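For reference, the chains in residue letters:
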Amino acid sequence: MAATETLTAERILEATEEVLRRYGPGKATVVDVARVLGVSHGSVYRHFRTKAALREAVTERWLERTITALGPHVEAGGPADERLTDWLTALFSLKRKKAGGDPELMATFQVLIGENSAVVDRHEEHLVGQIARILEDGHREGVFAAPERDFTATARAVFHATDRFHNPAHAADWSAPDVEEAFTAVVSLVQRALRA
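Residues numbered from 1 in each chain as written. Predicted model: local features only at pLDDT ≥ 70, side-chain atom pairs only at ≥ 80, totals over all residues. Heavy atoms only, no water.

A. Summary view of the overall build of the chain. Helices and strands together make up the secondary structure of the chain, namely nine helices and zero strands. Walking the chain from its N terminus toward its C terminus, one meets helices and strands in the order α-α-α-α-α-α-α-α-α. Along the longest, intermediate and shortest principal axes, the C-alpha atoms of the chain span 60 × 35 × 25 Å. Split into buried and exposed, the 196 residues of the chain put 41% on the buried side. Roughly 10100 Å² of accessible area belongs to the chain as shown, and the carbon and sulfur atoms make up 53% of that amount. The averaged location of the 29 negative side-chain charges in the chain is 5 Å from the averaged location of its 24 positive side-chain charges. (Helix = DSSP H or I, 4+ residues; strand = E, 2+ residues; numbered from the N terminus. Buried < 20%, exposed > 50% of the residue type's maximum accessible area, 1.4 Å probe, protein only. Areas by Shrake-Rupley, 256 points an atom, 1.4 Å probe, with all protein chains shown as cover. Lys, Arg positive; Asp, Glu negative; His and termini not counted. Charge placed at Lys NZ, Arg CZ, Asp CG, Glu CD.)

Shown next as structure tokens:
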């Protein structure tokens, strides 16, 4: 890092991603991150008090990209049922791409799931919130039935019903030859249930 460059949390997170990709969550250290940045590990600890806090922050930053990428499907015009299918398809695609293209960060995410980290819960709540907005639009359009108007509970049910296609625990199944057919069948079932 150049002497004139300011050490920011964002720069530390970028370096941490690089280190995690290189060494994996089991071997990556704060010293490795500091080395990439050309600073002392104490400088990193001034921004993130513990290695766990740094790991959570980098994972949250990584997951935020998913939320941002899915945003256009929430905000887009057009029928809500099509937007929901597009949103679910995009989520599956993003998770598959991360599992295949970012295996070390995916491994970090799985470590955090195992630790029951609040970062994972917040990520899921954001995703459920996006689904709920689409469902509410669909109810207004008359596309989806929602007699109790509890869009968040229904959105959570949709999220759980499609778990096989976005939960990293199922990543090994995502390259199966029949996975696309299974995904289409589940989405079709969800769509029919929402119209009932």
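B. Region of interest: the nonpolar core. Judged by nonpolar contacts, the single largest core of 29 residues is most densely connected at L84, W87, L88, L127, I131, L135 and L194. Of all the elements in the fold, those that place two or more residues in this core are α4 (51–75), α5 (80–101), α7 (118–141), α8 (151–161) and α9 (179–195). Sort the elements by how many residues they give to this core and α5 lands first, with seven residues. Discounting residues that sit within four places of it in the chain, L84 has contacts with I131, I134, L135, F144, Q191 and L194. (Core = buried A, V, L, I, M, F, W, Y, C linked by side-chain atoms within 4.5 Å. Contact = heavy atoms within 4.5 Å.)

C. Fine view of the environment of R22. When you line up the elements, R22 lands in helix α1 (residues 9–23). A relative accessible area of 48% means that R22 is categorised as partly exposed. Sequence separation between R22 and E180 is 158 residues; the distance between their C-alpha atoms is 31 Å. In this structure the side chain of R22 is engaged in a polar contact, spanning 2.7 Å, whose partner is the side chain of E18. (Polar contact = N/O pair within 3.5 Å; in protein donor to acceptor, adjacent residues only side chain to side chain.)

D. Spotlight on the side chain of K98. Relative to the elements of secondary structure, K98 occurs in helix α5. Judged by relative accessible area, which is 12%, K98 ranks as buried. Within the structure, the side chain of K98 is placed 2.7 Å from the side chain of T66, a separation counted as a polar contact. Setting aside residues no more than four positions away along its own chain, K98 makes contact with W62, L63, R65, T66, P103 and M106.

E. How the structure looks around the packing of aromatic side chains. Overall, the coordinates contain four aromatic pairs when judged by the stated rule. The interplanar angle of 80° and the centroid separation of 6.1 Å between the aromatic rings of F92 and W174 together place this pair among those described as edge-to-face. Within this pair, whereas F92 is found in helix α5, its partner W174 is found in the loop between α8 and α9, the two being separated by 82 residues in sequence. For the pair F92 and W174, one class covers both residues: buried. (Phe/Tyr/Trp six-rings, centres within 6.5 Å; stacked < 30°, edge-to-face > 60°.)

F. Representation of the pattern of salt bridges. Per the counting criterion, the structure on display carries 15 salt bridges. Across the pair E60 and R122 runs a salt bridge, and its minimum N-O distance is 2.9 Å. Of the two residues, E60 sits in helix α4 while R122 sits in helix α7, which places them 62 residues apart along the sequence. Here E60 falls in the partly exposed class, since its relative accessible area comes to 34%. Given a relative accessible area of 38%, R122 falls into the partly exposed group. Salt bridges linked by common partners bring E10, E14, E17, R21, R61 and R65 together as one network. (Salt bridge = Lys/Arg side-chain N within 4 Å of Asp/Glu carboxyl O.)

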